[in-house]
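# Remarks on the overall topology
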Amino acid sequence: MKKIYFLMGAWAVSALIACHHHNHEEQHSHETKAEAGHDEHAHHDDEIILPEKKASTAGIVTETVKPDTFRRIIKTGGQILAAPGEEITVAATTAGIVRFARTLTAGTHTAHGNILLHLTADRIEGGDPTERARITYQNARKEYERALPLAEKQIVTQKELENLKAASENARIAYEALAPSHSRQGTAIAAPASGYVKTILVKEGEYVTTGQPLLTLTKNRRLQLRADVSERHYNALSQISSAHFRTPYDNSVYALEKMHGHLLSVGKSQEKNSPYIPVVFEFDNTGNIVEGGFAEVFLTGDARTNVITVPVSALTEEQGLYFVYLQEDKEIYRKQEVKTGADDGLRIEILTGLKPGDRIVTQGAYHVKLASASNIIPAHPHSH
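Now for a look at the structure at hand. Note that the structure is a prediction, hence the values are computed from the model and not measured. (Residues numbered from 1 in each chain as written. Predicted model: local features only at pLDDT ≥ 70, side-chain atom pairs only at ≥ 80, totals over all residues. Heavy atoms only, no water.)

### Notes on the overall build of the chain
- Within the chain, the regular secondary structure consists of 5 helices and 24 strands.
- Of the contacts formed within the chain by residues at least 6 apart in sequence, a portion of 74% connects residues at least 24 apart.
- Counting only carbon and sulfur atoms, one obtains 53% of the accessible surface of the chain, whose full area is about 23600 Å². (Helix = DSSP H or I, 4+ residues; strand = E, 2+ residues; numbered from the N terminus. Contact = heavy atoms within 4.5 Å. Areas by Shrake-Rupley, 256 points an atom, 1.4 Å probe, with all protein chains shown as cover.)

### Some words on the environment of glycine 205
- By secondary structure assignment, the location of glycine 205 is in the loop between strand S10 (195-200) and strand S11 (207-208).
- In contact with glycine 205, not counting residues within four places along its chain, are Ile97, Val98 and Arg99.

### Looking at the pairing of strand S3 (residues 68-82)
- Relative to strand S18 (residues 294-307), S3 runs antiparallel, the two being bridged by 10 bridges. When the bridges of S18 are listed, arginine 71 appears paired with alanine 303.
- By the bridge criterion, 6 bridges tie S3 to strand S13 (residues 222-230) in an arrangement that is antiparallel. Among the inter-strand pairings, glycine 78 is bridged to a residue of S13, identified as alanine 227. (Pairing = 2+ DSSP bridges.)

### Digging into the sheet that holds strand S12 (residues 213-218)
- Judged by pairing direction, the sheet is antiparallel, and its 4 strands sit side by side in the order S4-S12-S10-S6 without closing on themselves. Both outer strands of the open sheet, strand S4 (87-91) and strand S6 (109-110), are each paired with one neighbouring strand and no more.
- With 5 bridges connecting them, S4 and S12 associate as antiparallel partners. Its bridge partner being in S12, isoleucine 88 is matched across the sheet by leucine 217.

### With respect to the environment of glutamate 63
- Structurally, glutamate 63 can be placed in strand S2 (residues 61-64).
- Put simply, glutamate 63 and glutamine 363 are 300 residues apart on the chain and 9.5 Å apart in space, counted from C-alpha to C-alpha.
- With near-sequence residues (within four places) excluded, glutamate 63 lies in contact with Thr309, Pro311, Arg347, Asp358, Arg359, Ile360 and Thr362.
- For glutamate 63, the side chain forms a polar contact with the side chain of arginine 347, separated by 3.0 Å. (Polar contact = N/O pair within 3.5 Å; in protein donor to acceptor, adjacent residues only side chain to side chain.)

Next comes the structure, spelled out in structure tokens:
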């Protein structure tokens, strides 16, 4: 009987030890799974952690993706031209040697009436043309005044008197045209209007004749944008209503609708010796746009609805692929590949990769990219 009790006691102790060991393993297994779940919730491999304060300092700006209206785009090249009436040619009012009144270069601004240069007749055969004009006028006037009493006595005919009077008037007009601008420095050539020097056609010390062009001024208030469009887009040109353009010297994108711009003309055929069809707009020069410069042009056509677009600044490019950064939480971002369509210089169509309601980084994407590449910001830590 004692032996039976002993065996039963040993079996109970073994069962108790086995049960305790099983419970310990089960508890350890639950803890391991819980920790794994915590890690999974806390950090993913594609998450980018950027603290809210650092994002604010870096100028991170976001917007929510939503379908909207977007116009069809024809992307091409073009040139900025002066509008008719905006350029003035300044010509010599008399013959003489050029002496610049001040330093003039292309782009120099001048107000109406400012003296640009003088034309001097020093050491030129015939002398000062203004002085010659004065003497000619005085002599012609004296001849006419001398003939008046003679005409009353019929010594001078009426026709001769009229000819003398006409000669005196012509001499007066020629002299008065030169006299106001004449000084010891010579005949002054003033700016006929406010504007900017576009081209200088003469050099210091050069001899010029009456009527010779000296320089051109541009008012630079109204400009034209000429887009050169490939003939393959000819059928779509009737839908063109406006344009955006980007200049190479400041990389800014200008929208004509914000510059009182309007469409002037659409060519009906290719120009001679050119494979392109011209499309011309006119607009106010509200910025520092250089007349004569080339531009990248985005012609805008008929509207399309329900199109997802993002600002061009939201895109980053890696080896020919395009990405945006989604903001999934206040401090959590994720890189998302997208396929792009047409762009108007300001916004670009997204064909795949985004859906309405996504929140994307529109400014400061480069800073998020840097945070992605660095490991100085650790994932949420946890302890075992």
